[in-house]
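Structural characterization, general
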Amino acid sequence: MISEVNDLWVFIGILPIIAFLYAGVGHGGASGYLALMSIFSVTPEMMKPTALLLNLFVAGTSFFYYYKGGFFNKNLFFYFAITSIPMAYLGGLIELDATIYKRILGVLLIFAVLKMLNVFGKESEILHKIKLWQGLVVGAVIGFFSGLIGIGGGIILTPIILLFHWGKMKEAAAVSALFIWVNSIAGLAGQLTNGVVLSSQSFLMVGVAVVGGFLGSYYGSKRMSNKMVRYMLSIVLITASLKLIFIE
């Protein structure tokens, strides 16, 4: 339970900052929320549904601003979403052993760090048209892991879009924001079907995170994020990753 977390006010203070940072690049922030919850030793049973619930509100706000800015490519989105939605639901039905879950999440957070540091997935002026089969395969794989781990998948989809030159930075952010939103609904539906119950404290976290998400979405859709802030977030992610992988 969140109320049992040590240094609760520190936890609550960091949460909207993570939402701000992720929303600024079109993400819901699930990997960041999961990292924060792991550092503060929140149980895996609460981590997954809470992260997806937060995603719905933060990614939804982010998509609104990027869509309003004219950056949304609906064809690119639908190519991924056709298979990602049912696969996210399927992933949400699967309950992993807590140790295995932590190891997989720890590895995934390393991927998130690489994205935050722009190690791969650079923006290109020369764009390539995505093929339907490519979108379906990528959507299915990311969707399944989204539901399984409790993320929306944007932290993986955005660098893939940029890596294969299927869209520009803000176009990738807009597509990823809605991709995260639909996958979060599907993954959460799978977990609820499997008997998972959302804590009332999860909804309190939503209220705190939405403030950061609103501001991050507004500024992120109009200007690039600060590099130093990205580095700070990367430290949080790598700390959580090491804790999940090496500490029982």
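These lines cover the structure that appears in this document, whether it is placed above or below.

A few words now on the nonpolar core. Ranked by size, the top nonpolar core spans 60 residues in total, and within it Leu 34, Met 37, Phe 80 and Leu 105 carry the most contacts. Per element, the largest residue contribution to this core is nine residues, and it comes from helix α3 (residues 44–68). Residues contacting Met 37, with those up to four places away along its chain left out, are Phe 11, Val 42, Met 47, Thr 50, Ala 51 and Met 205.

A grouping of Ile 110, Leu 114, Leu 117, Val 119, Ile 238, Leu 242 and Phe 246 is seen on the molecular surface, where their side chains present a nonpolar patch of about 590 Å² in accessible area. Ranked by residue count, the leading element in the nonpolar patch is helix α10 (residues 227–246), at three residues. Tracing the sequence through the fold places Leu 114 in helix α5 (residues 98–116).

Moving on: the packing of aromatic side chains. What the rule picks out here adds up to 13 aromatic pairs. Among the aromatic residues, those joined into a ring-pair cluster are Phe 63, Tyr 67, Phe 72, Phe 77 and Phe 78.

Moving on, we come to the layout of surface pockets. Reported here for the largest pocket is a volume of approximately 280 Å³. In terms of lining, the largest pocket is formed by 16 residues, of which the most central are Pro 44, Glu 45, Lys 48, Glu 95 and Val 196. Within the residue set of the lining of the largest pocket, elements represented by two or more residues are α3, α4 (74–93) and α5. If you tally residues by element for the lining of the largest pocket, the top one is α3, at four residues. Residue classes in the lining of the largest pocket are distributed as eight nonpolar, four polar and four charged.

On to unusual backbone geometry, then. With a phi angle near 60°, His 165 is a residue other than glycine that sits in the positive phi range. Judged by its relative accessible area of 23%, His 165 falls in the partly exposed class.

Another point: empty space enclosed by the protein. This model, assessed by the stated rule, comprises two cavities of 30 Å³ or more. In this structure, the second largest cavity encloses a volume near 70 Å³. What lines the second largest cavity is a set of 13 residues, and nearest its centre among them are Gly 29, Ala 30, Ser 31, Gly 154 and Ile 155. Of all the secondary-structure elements, those providing two or more residues to the lining of the second largest cavity are α2 (30–39) and α7 (154–163). For the lining of the second largest cavity, a count of residues per class yields five nonpolar, eight polar and no charged.

Now for the side chain of Gln 191. Counting through the fold element by element, Gln 191 comes out in helix α8 (residues 169–193). By relative accessible area, Gln 191 is classed as buried at 2%. Setting aside residues no more than four positions away along its own chain, Gln 191 makes contact with Lys 48, Pro 49, Leu 52, Gly 92, Gly 147 and Val 196.

Relative to the helices and strands, Gly 29 is located in the loop between α1 (8–23) and α2. Relative accessible area serves as the criterion here: at 2%, Gly 29 is assigned to the buried category. A C-alpha to C-alpha distance of 9.9 Å links Gly 29 and Leu 56, two positions 27 residues apart in sequence. When sequence neighbours within four positions are dropped, the list of residues in contact with Gly 29 reads Ile 18, Tyr 22 and Asn 55.

Cut-offs applied
Just so you know, the residues in each chain are numbered from 1, in the order the chain's sequence is written. The predicted origin of the model limits local features to residues at a pLDDT of at least 70 and limits the giving and counting of side-chain atom pairs to 80 or more, whereas totals for whole chains, interfaces and linings rest on all residues. Hydrogens are left out, water is left out, and the side-chain values use all remaining heavy atoms of the structure. Nonpolar core, defined: a set of buried Ala, Val, Leu, Ile, Met, Phe, Trp, Tyr and Cys residues in which side-chain atoms within 4.5 Å join the residues together. Under the scheme applied here, a residue whose accessible area is under 20% of the maximum for its type counts as buried, over 50% as exposed, and between as partly exposed, the area being computed with a 1.4 Å probe on protein chains only. Helix and strand labels come from DSSP, where a helix needs a run of H or I of at least four residues and a strand needs a run of E of at least two; each type is numbered from the N terminus. Pairs of residues are marked as contacts when any of their non-hydrogen atoms sit within 4.5 Å. For patch detection, residues must exceed 30% relative accessible area and be free of salt bridges, and they are connected within 9 Å for like charges or within 5 Å for nonpolar side chains (Val, Leu, Ile, Met, Phe, Trp, Tyr). Computed by Shrake-Rupley with a 1.4 Å probe, the accessible areas treat only the displayed protein chains as cover when residues are assessed. For salt bridges, the criterion is a side-chain nitrogen of Lys or Arg within 4 Å of an Asp or Glu carboxyl oxygen. Note on aromatic pairs: the rings of Phe, Tyr and Trp (six-membered ring only in Trp) are paired at centre separations within 6.5 Å, and the planes decide the class, stacked below 30 degrees, edge-to-face beyond 60, tilted for the rest. Points on a 1 Å grid over protein atoms alone make up a cavity when a 1.4 Å probe fits among them but cannot get out, and a pocket when they form an open set with protein on both sides within 12 Å along at least five of seven lines; lining residues each have an atom within 4 Å of a point. Grid points are joined across faces, edges and corners, and a volume is the space filled by probe spheres set on the points. Classification convention: Asp, Glu, Lys, Arg as charged; Ala, Val, Leu, Ile, Met, Phe, Trp, Tyr, Cys, Pro as nonpolar; all other residues, Gly among them, as polar.

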